[in-house]
Every structure is written in structure tokens, then in C-alpha cells.
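# Inside the fold
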Amino acid sequence: MNFTVGFKPLLGDAHSMDNLEKQLICPICLEMFSKPVVILPCQHNLCRKCANLMPQASNPLWQSRGSTTVSSGGRFRCPSCRHEVVLDRHGVYGLQRNLLVENIIDIYKQESSRPLNSKAEQHLMCEEHEEEKINIYCLSCEVPTCSLCKVFGAHKDCEVAPLPTIYKRQKSELSDGIAMLVAGNDRVQAVITQMEEVCQTIEDNSRRQKQLLNQRFETLCAVLEERKGELLQALAREQEEKLQRVRGLIRQYGDHLEVSSKLVESAIQSMEEPQMALYLQQAKELINKVGTMSKVELAGRPEPGYESMEQFSVSVEHVAEMLRTIDFRPGASGEDEDDEVLLDRDGGGPAPEEERTDAADGLH
């Protein structure tokens, strides 16, 4: 490690302090060097406690399980440059201490505005190694873990990455998913608004056609009353069928919007979690849920003109004996002033029962 640059000039710049902190990180535990710091023959530095683990990690049979006896002799490779380090009979205690690095660490701790103790209190600890902080992420197992698990624990053969890197990556993925979900919610809300307008239009058109129908039936004799009731029931039935369909779609879209909004709220609360490890324990599931919700396809909307009720227009210019044959004219406007007179049976027109059947079919 190169420390030829003077230390005091670095203290005056926050960016330089960050760079200095990176130079004081042990390549094994990924934390700031803890004293005593030993210097290897290749000039790289390690915490003595980390260096003491290297021969054990290289040869698990070097010490018996659970033994705390300091090993003597042995060899391992430098984790920074892979240079082979051969230990004498004193083991890692035969390596020279780097007093310069230790002094720099002391000065850095005094000058730093962010106490290391407060940082340590915010870290979760490894369940297997109770005194080790969770500071890396196992890409193979997709779980946060500690550096000792990587050196000689359950994750020694796995690919790992720094915890902040995965934290930022997954937080970015969840943020993108939330943005897509919010945009989808806006589109769903717009569709709901349009369908509510369709309902209003259906009701307005139905109301207008009812008024026209009533006005024309008021000019007829008592014989028209029975037929008028039949036609009003048919119109109301068609109106109810259309309204039930559109309102059913509104409920479906509304339910989707409610579920989606709750998921957005849950995701936003998760993003406010300051603990990286706690966040990562639930981030994957949230990302999957957000992705699945974003791909949900909703039922289609009513076709253009679905709200129209023009097919319920009637003709009122009929002779009394033909009044019971009056029916809706498919495709005719309720505001037509010239109404066709249906032919009677003698004139070759269809029988009343046949006309009723045809008209009923035309309503659907």
C-alpha cells in the first residue's frame, strides 16, 4: 500500500478523506484495518487477526476444529496480489507490524466526522460468526453474509460482491418497478374515468329515449299502455345489462388499482428502510411482486358506441288496430319525425307474434 502522499493535506478535503478510507480497508474483512496491522513481504497489509485465518482457510486441517492455538509456520497467498507468503515458526506473529499504517488509522479516526463506533452499531451481525458484521452479499445464494463466511465458511466457494453495490442495484430495480407501476396506475385510473363517463352517457341516452317513448305513447289510446309497458321493460333490461357489464369492469379495474396502490405503498416503505441487510431480505420478493403486477392484463373496455341506445326508437304513426304490433326499429333514431306504418296481415305484413319475436331478437 502506497502512503507517500502526506496525510495532513488529505484531511482538508472530504473527497480525499473518502479515498484515504478506501486505502485503509483490509482486503479480507473489508473493514478498516484493526491493530495490529502486519505488512507482508509483497508490501500489502492485513489485520493480524485476518492474516491468522489465511493458513487455516488454505488448509482446513491445519488446526483442529474449535482450536484457538496460534499456528506456527505455514503458507498462504496474499489476497491482493496472490504472492505466496511463507511463515516461519512464529506464524503471523513473525510478520513485521506496519506502525505507519496504524498511526494513520489513529489520526483518521480522530479527524473523521463520522465515528466508526456509531457505524458499527448500525450493522447486523453474522449468526454464524457473532462478532462479524454482515458486509458482503453472496451472489450465488442471494443472501447477505460476512467476510469470514467467504474466507472459510459456508460461502467460501461462492461469488460475492460488496453489500453497498447490491443494495444500490436492487434499490434501483425496485425504484424502476415502482415507477412503471405508478405509470400503469395512472392509465388504469384514466380508463376508469372514461368508463364512468360511458355509464353516465348510457344513463343520459336511456333517459332521453324514455322521454321520447313516453311522449309518443301519451298520444295513444289505452290500448297502447300494455305495449308501452313491454317496451319500457325491454329498454330497462338492455340498460341494466349494459350498466352491469360496465360497472363490473369498473369494479375489476378498481380492485386492480387498490391492490397496485397498496403494493406501491409497501414498496416505498421498504425503500425507506435504512438497514441495507434488512432491506435486501425483502427486496427480492417486492421486486418480483412489482414486476408481476406490472404485467397484469386487464379485461377490455366496452366497444365504441356501446353506450348508444338509439336502437330503442319507436314509430307512433299507426292505426288503432295495428297498435299492438309496435316495436323498436333497429338502427333507427329516436328523433325521426317520419315513422313507418307496419303492414297488417292482410297487406302481407308479418303476424303480430312473428313481429314480436323478430323485435326481441333485434334487441340483442
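Right, let's walk through the structure included here. (Residues numbered from 1 in each chain as written. Predicted model: local features only at pLDDT ≥ 70, side-chain atom pairs only at ≥ 80, totals over all residues. Heavy atoms only, no water.)

## What about helix 10 (residues 276-294)?
The periodicity of an α-helix, 3.6 residues per turn, causes residues three or four places apart in sequence to face the same way. Defined as follows: Where helices and strands are cited, they refer to DSSP runs of H or I of at least four residues and of E of at least two residues respectively, numbered from the N terminus. One fewer than the residue count of a helix, multiplied by 1.5 Å, yields its expected span. Bend at a given residue is defined as the angle between two axes, one fitted to the seven residues that end at that position and one fitted to the seven that begin there. Here the term buried applies to any residue with accessible area under 20% of the maximum for its type, exposed to any over 50%, and partly exposed to those in between, with areas from a 1.4 Å probe on protein chains only.
Taking 1.5 Å of rise per residue, the 19 residues of helix 10 would be expected to cover 27 Å, and the 25 Å separating its terminal C-alpha atoms lies within 8% of that figure. The largest bend in helix 10 amounts to roughly 40° and is located at A283. Residues of helix 10 that are buried include every one of A277, Y279, L280, A283, L286, I287, V290 and M293, and no others.

## Things to note about the nonpolar core
Quick note on the threshold: By nonpolar core we mean a set of buried residues, namely Ala, Val, Leu, Ile, Met, Phe, Trp, Tyr and Cys, connected to one another through side-chain atoms within 4.5 Å. We call two residues contacting when some pair of their heavy atoms lies within 4.5 Å.
Core analysis: the biggest nonpolar cluster contains 26 residues, and L24, C26, F33, L40, L46, F76 and I105 have the highest contact counts within it. Only strand 1 (37-39), strand 2 (45-47), helix 3 (48-51) and helix 5 (99-111) provide two or more residues apiece to this core. Of the residues forming this core, the biggest block, four residues, is contributed by helix 5. Residues contacting I105, with those up to four places away along its chain left out, are L24, M32, F33 and V37. In this structure, I192, I202, L213 and Y253 belong to the second largest nonpolar core, which totals 24 residues.

## Things to note about the state of the cysteines
Here is the rule: Any two cysteine sulfur atoms lying within 2.5 Å of each other are counted as a disulfide.
This structure, assessed with the given rule, holds zero disulfides. Left unpaired, C126 is separated from the closest cysteine sulfur, that of C146, by 3.6 Å. Here C149 stays free of any disulfide, with the sulfur of C146 as its closest cysteine sulfur at 3.6 Å.

## Overview of the sheet that holds strand 5 (residues 96-97)
Pairing between sheet strands relies on hydrogen bonds along the backbone, with the strands arranged either parallel or antiparallel. Rule in force here: Only strands that DSSP links by at least two bridges are regarded as paired with each other.
Read from one edge of the open sheet, three strands run 2-1-5, paired in antiparallel fashion. Two strands bound the open sheet, and with one partner strand each, they are strand 2 and strand 5. Inspection of the sheet shows strand 1 paired to strand 2 by three bridges, in the antiparallel sense. Counted as the bridge partner of V37 is C47 from strand 2.

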